[in-house]
Amino acid sequence: MVFPRMVFPKPVKTALNKLAVASTLLTSALFSGLAQAEYRLNFQDPVTSVAREIYDLHMLIFWICVVIFVVVFGFMFYSIFAHRKSKNYEAAQFSHSTKVEVIWTVIPSIILVLMAWPATLVLIDMEDTTMSDLTIKITGYQWKWGYEYLDSDISFYSTLATPREQIDQFDEANAVPPGENYLLEVDNYLVVPSGRKVRALITANDVIHAWWIPAFGTKKDAIPGYINELWFNVDEGKEGLYRGQCAELCGKDHAFMPIVAKVVTGEEFDNWVASGGTSFAADAIAEAVDGLEAAVAEVAEVAEQAGDAMAEVVEAVVPAADAAAPEPTVSAKTWTKDELMEKGAAVYQTRCQACHGPDGKGLPGAFPAIAGSEVVMGDRDAQIDLVMFGKAGTAMAAFAGQLSDEEMAGVLTYQRNAFGNNVGDVVLPADIKAKR
Ligand SMILES: [Cu+2]
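Residues numbered from 1 in each chain as written. Predicted model: local features only at pLDDT ≥ 70, side-chain atom pairs only at ≥ 80, totals over all residues. Heavy atoms only, no water.

Caption draft 1: The arrangement of the nonpolar core in detail. In this structure, Ile136, Trp145, Tyr147, Tyr149, Trp211 and Phe216 are the most contacted members of the largest nonpolar core, which totals 37 residues. Grouped together as the second largest cluster of nonpolar side chains are 22 residues, Ile370, Met388, Met408 and Val427 included. (Core = buried A, V, L, I, M, F, W, Y, C linked by side-chain atoms within 4.5 Å. Buried < 20%, exposed > 50% of the residue type's maximum accessible area, 1.4 Å probe, protein only.)

Listed below in structure tokens is the structure:
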């Protein structure tokens, strides 16, 4: 048998050719990307009992679907092949069969019940937050997470820590390559113990968010005015970092509010609570300082080989490294305007720019500009109150609980004197302290 040849008009032909070239390019680009990234199918490895139940349920349903697929398509292809016209098969002529109809109703019903049974058991287990060992209240904000350990006094905010330079890739010449955990890094980890049942109360302060850590098998909406519950109990021996994300489209920076949980042993957790919840932050700082010192030592070694001229350079580098190391608590320190501006710029780029823009121009119609703002450049006290305590009925949050005296003084000084604002005065940490 001869099939007629498809004949396309010329423009269609050209378009099809272009499409073929594009799809080849796309495919090769896609697969070279896949080859580089660690690529996997299926869920993340479960580390809690609930996550394991979900995983097993998922696999069970998957294999049931595979069997149904093979049986149905096998039957279909067999029928098509065995009864094909060229064999002169004569079709049966019936139009109704009660027997067949009963079979194709009863069998799927039984399959559905068999699938619903284990699924219901998992759902019931997921909802059972009783007998928990500790409770953490989790609040979603635009765009960060707040954690409160209700059994102790510990509470903190967890904000994106991926540097702005990696995110703003508008200028190719100055592009910084994304880090390993791009957009999945935070400044403060949620610290939880392994081997204990953690109950989480989930809510939100502004719009609906959702708290999701795939490896824990937890995902729950955070709704303003409501408190949802979930629980997880991480297996002992599975200590480490687990990453998740906000899973409910919550506005402009929805992709910029990741979740990082640091799972530690029960003993480490107790020590962490006893220390007021600060030791892990201190660890991170110590690590950073160690890294810095190692780098300085390396430079020194090279310099020794290169002679005295280089040694002089090292002398210049060491104090710089010291200066870069985190400062001790500094209530007695006298702050210069330059220092406040520098600190303020860093705080601004992590805490304010999401709404007010990296360039202070805001988002017309939604978030007011800082540049040229009469409010910002107006009365100093009023401006301090606004940033510390927020403004009711607007999106302006109260930052008193989120920033230290020094950070608050810095960012206020910065806003009054950056982006072409030119008030000239400074806000000192003592001014903030006096208002707390
Ligand atoms: Cu969100």
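Caption draft 2: Examining the sheet that holds strand E9 (residues 240–246) more closely. Strand order in the open sheet formed by five strands is E4-E10-E9-E6-E7, and the pairing between neighbours is mixed. Edge positions in the sheet fall to strand E4 (190–193) and strand E7 (218–222), since each has one partner strand and no second. For this sheet the average axis-to-axis angle between neighbouring strands, irrespective of direction, equals 25 degrees. Pairing geometry for strand E6 (residues 209–213) and E7, over five bridges, is antiparallel. Following the sheet pairing, Trp211 is matched in E7 by Lys220. (Pairing = 2+ DSSP bridges. Helix = DSSP H or I, 4+ residues; strand = E, 2+ residues; numbered from the N terminus. Axes fitted to C-alpha atoms, helices over the stretch in contact; angles between N-to-C directions.)

Caption draft 3: Quick look at the confidence of the model for the protein. Overall, the prediction assigns the protein a mean pLDDT of 82, with 79% of residues at 70 or greater. Note that pLDDT drops below 50 for residues 1–7; the model gives that stretch zero contacts with residues more than four away or on any other chain. Here residues 29–36 scores under 50 on pLDDT; set against residues more than four positions off or in separate chains, the count is one contact. (pLDDT = per-residue confidence, 0-100. Contact = heavy atoms within 4.5 Å.)

Caption draft 4: Here's a closer look at the pairing of E6. For E6, a buried count of four out of five residues is recorded, marking the element as mostly surrounded by other parts of the structure. What sits between E6 and E7 in their antiparallel hairpin is a turn of four residues, with Gly217 showing a positive phi close to 70 degrees. Bridge analysis of E6 against E9 gives two bridges, and the strand direction is antiparallel. Within the sheet, the bridge partner assigned to Trp212 lies in E9 and is Gln245.

Caption draft 5: The packing of helix H8 (residues 337–356) against helix H11 (residues 405–417), seen in detail. Between H8 and H11, the shortest axis-to-axis distance is 6 Å and the interhelical angle comes to 95 degrees. Comparing the axis directions of H8 and H11 gives the class roughly perpendicular. For the pair H8 and H11, contact is made by Lys337, Leu340, Met341, Lys343, Gly344, Ala345, Val347, Tyr348, Gln349 and Cys352 and by Glu406, Glu407, Ala409, Gly410, Val411, Thr413, Tyr414, Gln415 and Asn417, respectively. Grouping the constituent residues of the contact of H8 with H11 by class yields nine nonpolar, six polar and four charged. (Parallel < 35°, antiparallel > 145°, perpendicular 65-115°, else oblique. Nonpolar A, V, L, I, M, F, W, Y, C, P; charged D, E, K, R; others polar.)

Caption draft 6: Up close: the packing of aromatic side chains. Under the defined criterion, the tally for this structure stands at 17 aromatic pairs. Where Phe73 meets Phe77, the ring centres are 6.1 Å apart and the plane angle is 45 degrees; that geometry is what we call tilted. Of this pair, Phe73 and Phe77 both sit in helix H2 (residues 49–82), four residues apart, which is roughly one turn of the helix. With a centroid separation of 5.7 Å and an interplanar angle of 35 degrees, the aromatic rings of Phe269 and Trp272 are classed as tilted. Placement of both Phe269 and Trp272 in helix H5 (residues 266–274) is noted, with a separation of three residues, approximately one turn of the helix. Take Phe269 and Trp272: they sit in the same class, and that class is buried. Feature note: the residues Tyr147, Tyr149, Phe156, Phe269 and Trp272 constitute an aromatic cluster, connected by ring pairs. The lysine or arginine in question, Arg84, covers the ring of Phe81, its NZ or CZ lying 4.2 Å from the ring centre. In this structure, Lys197 is placed above the aromatic ring of Trp231, and the distance from its NZ or CZ to the ring centre is 4.2 Å. (Phe/Tyr/Trp six-rings, centres within 6.5 Å; stacked < 30°, edge-to-face > 60°. Lys NZ or Arg CZ within 6 Å of the ring centre and 35° of its normal.)

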